[in-house]
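Next come the chains, spelled out residue by residue.
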Amino acid sequence: ERAKWPKETFELWERLSKKEANDVETIQKSIVRHVTTTLARAAFNLDNFSAYQAVALSTRDRLISRWNETQGQMSRADPKRIYYLSLEFLLGRSMDNALLNMGLKETYGKSIRQLGFNMEDVIESEVDAALGNGGLGRLAACYMDSLATLDYPAWGYGLRYNYGIFQQRIIDGYQTEYPDYWLNFDNPWELPRLDISITVGFGGHVQTTQDEYGQTRHNWVPGTNVQAVAYDVPVPGYDTENCNNIRLWRSKPTKVFDLTSFNEGNYEKSVEDATNAEKITSVLYPNDNTMAGKELRLKQQYFWTAASLHDILRRFKKSMREWSDFPDQVAIQLNDTHPTLAIVELQRLLVDQEMLSWDDAWDIVTKTFAFTNHTVLPEAMEKWSVPMFEYLLPRHLQIIFDINLFFLQKVEKMFPNDRGLLNRMSIIEEAQPQQIRMAHLAVVGSHKVNGVAALHSNLIKTTIFHDFVTYYGEDKFVNKTNGITPRRWLHQANPQLSALISQTLGGDKWLKDLSLLKGLNDKTEDAVFRQRWAEIKRANKVRLAELIKTRCDVEVSPDALFDVQVKRIHEYKRQFMNILYVIHRYRTIKSMSAAQKASVQPRVVIFGGKAAPGYYIAKLVIKLINSVAKVVNQDPAVGDLLKVVFVPDYNVSVAEVIVPASDISQHISTAGTEASGTSNMKFVLNGGIIIGTLDGANIEILEEIGEENIFIFGCMAHEVEDLRHAQRYRGVPMDPALQGVISAIERGTFEDPKIFQPLISTLTVGKDFYLISADFASYIAANQQVDAAYKKQADWIKKSIRCTANMGKFSSDRSVKEYADEIWNVKPVSVVDEGYMAK
Ligand code: NTF
């Protein structure tokens with residue numbers, strides 16, 4: 001139809017669809033227009049939140065222009081694309097990030113100042129998009145930022161949960177959970193695509209027929225259908241026109257009315273079905289590093305992978321290529337085992353619907369997928385019970401059994417007569433009932449498997465995937481050390497330090513090439529520079545002290561050493577060991593004379609993090625921290641020498657205040673348990689120093705910044721097994737200092753000791769699985785070294801500068817480049833004002 005338009009109509013469209021300019025007046029006009037028309041409010045008497053909404057809508061207009069341009073150009077260029085499948089995208093706030101990445105923050109700041117508002121207050125009005133639990137979800141968000149910044153043709157696929165990770169409040173020292181209904185006010189950072197709606201089936205049965213060539217064909221007839229509706233979240237790159245997309249699916253009932261129920265007059269039943277459909281994307285499961293095993297979670301996983309694959313296939317089919325070209329056009333990265341069903345779904349679509357042979361289909365599947373493992377903890381390994389699975393996905397179960405059969409036949413051929421090996425490697429665990437091991441399925445269906453830090457990638461080769469390395473060979477198993485985006489975690493979170501760095505290095509190129517930070521190494525001997533560096537840290541500590549005052553009602557001195565441990569609460573992360581040391585420190589101070597006290601380094605110990613709602617021991621750790629805080633903070637014998645705070649509801653935007661303000665941060669997991677950690681990178685990038693174990697990415701951070709600039713303690717990963725054995729069978733006694741701490745708790749120094757008995761029991765000799773006692777003495781020693789080092793302020797600042805200067809490796813830009821070159825084989829495509837250009 002449009003081809004018939006007269007020339008003038010085309011020209012009119014072209015003229016009118018020119019982008020809005022980015023000068024102060026145009027921006028102010030757009031803000032006021034959104035206030036008066038979109039929000040339908042008077043142009044005066046606005047509160048900060050309404051101002052935020054209007055500024056967000058104006059920013060959104062600019063985002064959408066870029067998004068449209070990028071997506072149009074990508075359709076025309078049709079390069080190989082990377083699809084990042086993640087059940088979690090922990091994006092946090094969007095406005096500040098969007099303005100900075102588009103280079104519009106200053107102009108917007110000026111625009112709204114003249115309109116009577118302050119940028120900081122407006123930014124603070126935004127609620128976090130908290131669609132993730134912790135490290136895994138935030139990693140996905142950092143990777144999306146880097147992919148956009150480096151001009152990779154990348155899309156994320158996830159779920160649009162109505163409820164993000166719960167809000168945490170502390171009541172009587174205990175964690176209580178409140179629903180995070182983040183969509184209460186309209187979400188300006190998404191574009192609802194109600195036209196993009198995909199049918200996803202569940203249940204039903206499989207029809208088996210013979211085709212005209214005598215081949216058996218399978219046709220899955222689902223019992224119920226739901227709709228997946230697309231919501232697109234634009235992801236602008238930094239200093240590029242490129243704007244990528246995260247497509248989040250929302251579940252809706254199918255429009256087709258349930259006729260059976262209707263005819264039976266069962267109106268309630270049909271409404272109930274509709275409600276059940278909407279439930280699928282209702283809530284994010286709040287478990288980090290543990291598996292809940294709920295049926296609804298499996299439904300989420302299939303709903304999401306089926307909708308995403310359908311979308312990917314539809315896009316591929318537009319190009320009229322052969323199926324064998326699929327892996328040259330499409331790379332799919334599986335963020336943990338959560339999206340592993342995508343492997344099965346693609347095999348099903350190719351065999352049952354596109355009529356490819358099993359082998360041709362499987363060849364395409366395994367060339368398309370790659371899998372990232374994020375943990376070795378046994379309780380986190382995803383397994384699904386076969387009966388439940390069969391009821392929800394009968395055809396997929398058949399395919400999994402076939403994949404397993406063909407796989408085990410090949411293993412058997414290479415290693416004949418080894419039943420033990422077949423049992424260990426099988427995708428099906430022979431338990432009662434049988435279980436599907438999703439990690440095995442992910443390995444078998446992928447061409448590359450990666451861990452997230454060097455130690456972790458080696459560990460998975462010798463433990464959970466050892467047999468698979470023997471079978472496939474070493475090359476399939478690679479390392480991709482995690483990274484973080486310097487745009488959010490330095491430029492945005494620490495604007496003063498970012499400005500000082502740009503001023504020192506003569507520009508902001510370092511934000512796209514973080515190795516340039518090395519230039520700061522020359523500045524350690526410059527006293528004026530060190531002074532500036534120290535002032536900025538102090539200003540950040542003042543800001544955090546204000547947050548602590550508002551949220552915890554505790555006054556802390558910014559001159560004390562700020563000691564931070566913020567992350568999910570988990571036994572393996574050992575917040576328990578940290579608070580036990582705090583008690584030790586408290587007892588030591590209490591036993592001192594006034595003269596001795598004068599030489600104590602004052603400390604503020606800051607905790608934050610959520611415990612999974614069903615994780616009883618982790619929740620008791622929170623209670624203990626708060627009980628200790630209550631006693632210590634009120635003890636006049638201690639005063640400012642020691643303060644303890646638990647910052648409630650730790651999330652991305654709280655992290656943006658805490659990270660730049662730490663002197664010391666704690667990354668103290670039992671060696672071999674933390675796959676990587678990513679907050680360790682954020683703290684060090686901001687000139688914070690680590691006290692930590694030789695675990696995860698701490699090891700590589702040490703290698704980059706040098707052992708003089710990090711406080712390492714505790715046993716090494718290869719010693720863990722022997723230590724556990726020694727403690728279990730040779731009755732190694734508890735560390736004496738730890739014994740003293742436990743006795744103090746048991747005497748009732750911090751509330752009724754009965755409360756903490758289950759926690760103390762985890763330390764019983766022979767049962768201390770996370771080796772708190774074994775590491776306690778070296779932990780105390782490392783803390784003493786921290787105190788001594790902090791007293792030499794000039795040297796401390798030098799360490800701090802060297803930390804920042806040598807963190808270039810940990811940019812997520814480096815990580816995604818490695819994925820692109822070594823796993824995905826995708827190239828950047830730059831977006832230009834018109835047309836496209838392959839780099
Ligand atoms: C987490 N894993 C690990 O526990 C962290 O060490 C790591 O930094 C992040 O992944 C990102 O790689 C998980 O959340 C999961 F799901 F695997 F348990």
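About the thresholds
Counting restarts for each chain: residues are numbered from 1 in the order of the written sequence. For this predicted model, a pLDDT threshold of at least 70 governs which residues receive local features, and a threshold of 80 or more governs which side-chain atom pairs are given and counted, while totals over whole chains, interfaces and linings are taken from all residues. Calculation of side-chain values draws on the structure's entire complement of heavy atoms; hydrogens and water are dropped beforehand. Only DSSP runs of H or I with at least four residues qualify as helices, and only runs of E with at least two residues qualify as strands; both kinds are numbered from the N terminus onward. A simple rule labels every residue: compare its accessible area, found with a 1.4 Å probe on the protein chains alone, to the largest value its type can have, and call it buried under 20%, exposed over 50%, or partly exposed in between. Only heavy atoms matter for contacts: two residues are in contact if any of them lie within 4.5 Å across the pair. Only the protein chains shown count as covering a residue, and every accessible area follows the Shrake-Rupley method with a 1.4 Å probe. The cutoff for a nearby residue is simple: one of its non-hydrogen atoms must lie within 4 Å of the molecule or strand. We call two N or O atoms a polar contact when they sit within 3.5 Å, provided that within protein one can donate a hydrogen and the other can accept it, with sequence-adjacent residues counted only if both atoms are side-chain atoms. When residues are sorted by character, Ala, Val, Leu, Ile, Met, Phe, Trp, Tyr, Cys and Pro go into the nonpolar class, Asp, Glu, Lys and Arg into the charged class, and all the rest, Gly among them, into the polar class. What fixes the domain bounds is an automatic or database domain assignment. Only the stretch in contact is used when fitting a helix axis, every axis being a line fitted to C-alpha atoms; angles between N-to-C directions are given from 0 to 180 degrees. Comment on the angle field: the value is read as roughly parallel under 35 degrees, roughly antiparallel over 145, roughly perpendicular from 65 to 115, and oblique elsewhere. If you view the pair so one helix is near and one far, a crossing is left-handed when the near helix is turned anticlockwise from the far one by less than a right angle, and right-handed when it is turned clockwise. How far a helix is expected to stretch is found by multiplying one less than its residue total by 1.5 Å. Buried area, as used here, totals the accessible surface that two parts lose on assembly, with accessibility defined by a 1.4 Å probe and the loss added over both. In what follows, a disulfide is any cysteine sulfur pair within 2.5 Å. Here, any two strands with at least 2 DSSP bridges between them count as paired. The term nonpolar core refers to a set of buried residues drawn from Ala, Val, Leu, Ile, Met, Phe, Trp, Tyr and Cys, joined through side-chain atoms within 4.5 Å.

**Some words on the overall build of the protein**
In terms of regular secondary structure, the protein is built from 34 helices and 26 strands. Viewed in the frame of its principal axes, the protein has a C-alpha envelope of about 95 × 75 × 60 Å. Across the 839 residues in the protein, those meeting the buried criterion constitute 59%. When contacts within the protein are restricted to residue pairs at least 6 apart in sequence, those whose partners lie at least 24 apart make up 77%. As displayed, the protein has an accessible area near 34200 Å², and 52% of this comes from carbon and sulfur atoms.

**Some points on the site of the ligand**
With respect to spatial proximity, 16 residues lie near the ligand, and among them N289, H374, N482, E674 and G677 are the closest. Within the side chain of H374, a nitrogen or oxygen atom sits 2.6 Å from an oxygen atom of the ligand. One nitrogen or oxygen atom from the side chain of Y572 is found 3.2 Å from an oxygen atom belonging to the ligand. Within the complex, 93% of the 410 Å² of free accessible area of the ligand lies under protein. Counted by class, the shell around the ligand contains 5 nonpolar, 8 polar and 3 charged residues. Built from parts of two domains, the shell around the ligand gets at least three residues from each of domain 1 (78-93 + 128-482 + 821-838) and domain 2 (486-723 + 776-810).

**Looking at the packing of helix α2 (residues 24-38) against helix α5 (residues 105-114)**
Close contact between α2 and α5 brings their axes to 9 Å; oriented N to C, the two are set at 60°. Considered as vectors, α2 and α5 are oriented oblique to each other. The two elements α2 and α5 meet at a crossing, and its hand is right-handed. Contacts between α2 and α5 pair V24, I27, Q28 and I31 from the former with T107, Y108, K110, S111, I112 and Q114 from the latter. Considered class by class, the residues forming the contact of α2 with α5 number 5 nonpolar, 4 polar and 1 charged.

**Concerning helix α10 (residues 295-318)**
Its 24 residues place the ends of α10 35 Å apart at the C-alpha level, agreeing with the 34 Å of an ideal helix rising 1.5 Å per residue. Counting buried residues along α10, 17 of its 24 residues qualify, which places the element largely inside the surrounding structure. Phi turns positive one or two residues past the end of α10, at M320, with a value near 55°.

**Looking at the domain arrangement of the protein**
Interfaces are frequently sized by the accessible area removed from exposure as the parts join. Under the domain assignment used here, the protein contains domain 1 (78-93 + 128-482 + 821-838) and domain 2 (486-723 + 776-810). When each unit is reduced to the centre of its C-alpha atoms, the spacing between domain 1 and domain 2 is 35 Å. With 45 residues of domain 1 at the contact, the number on the domain 2 side is 43 residues. Interface of domain 1 and domain 2: buried area, both sides summed, is about 3400 Å²; carbon and sulfur atoms make up 56% of it.

**Quick notes on the state of the cysteines**
Covalent bonding between the sulfur atoms of two cysteines defines a disulfide. This model, assessed by the stated rule, comprises 0 disulfides. Free cysteine: C142, not disulfide-bonded; nearest cysteine sulfur from C243 at 17 Å. When its relative accessible area of 0% is taken as the criterion, C243 is described as buried.

**Here we look at the sheet that holds strand β24 (residues 711-712)**
Taken together, 6 strands build an open sheet; the order of strands is β21-β20-β19-β22-β23-β24 and the sheet is parallel. If you trace the sheet from one side to the other, it starts and ends with β21 (642-647) and β24, each paired once.

**Describing the nonpolar core**
The nonpolar side chains of a soluble globular protein tend to be buried with one another. Within the largest apolar cluster, 229 residues are counted, with the highest numbers of intra-cluster contacts made by W249 and L580. Here this core spans two domains, since at least three of its residues come from each of domain 1 (78-93 + 128-482 + 821-838) and domain 2 (486-723 + 776-810). Residues M102, L104, M119 and I123 belong to the second largest nonpolar core, which totals 25 residues.

**Some thoughts on the side chain of N245**
Note on placement: N245 falls in strand β11 (residues 243-253). Looking at N245, its side chain comes within polar contact range of the side chain of W67, at 3.2 Å. Among the polar contacts listed, one links the side chain of N245 to the backbone nitrogen of V233, at a separation of 3.4 Å.

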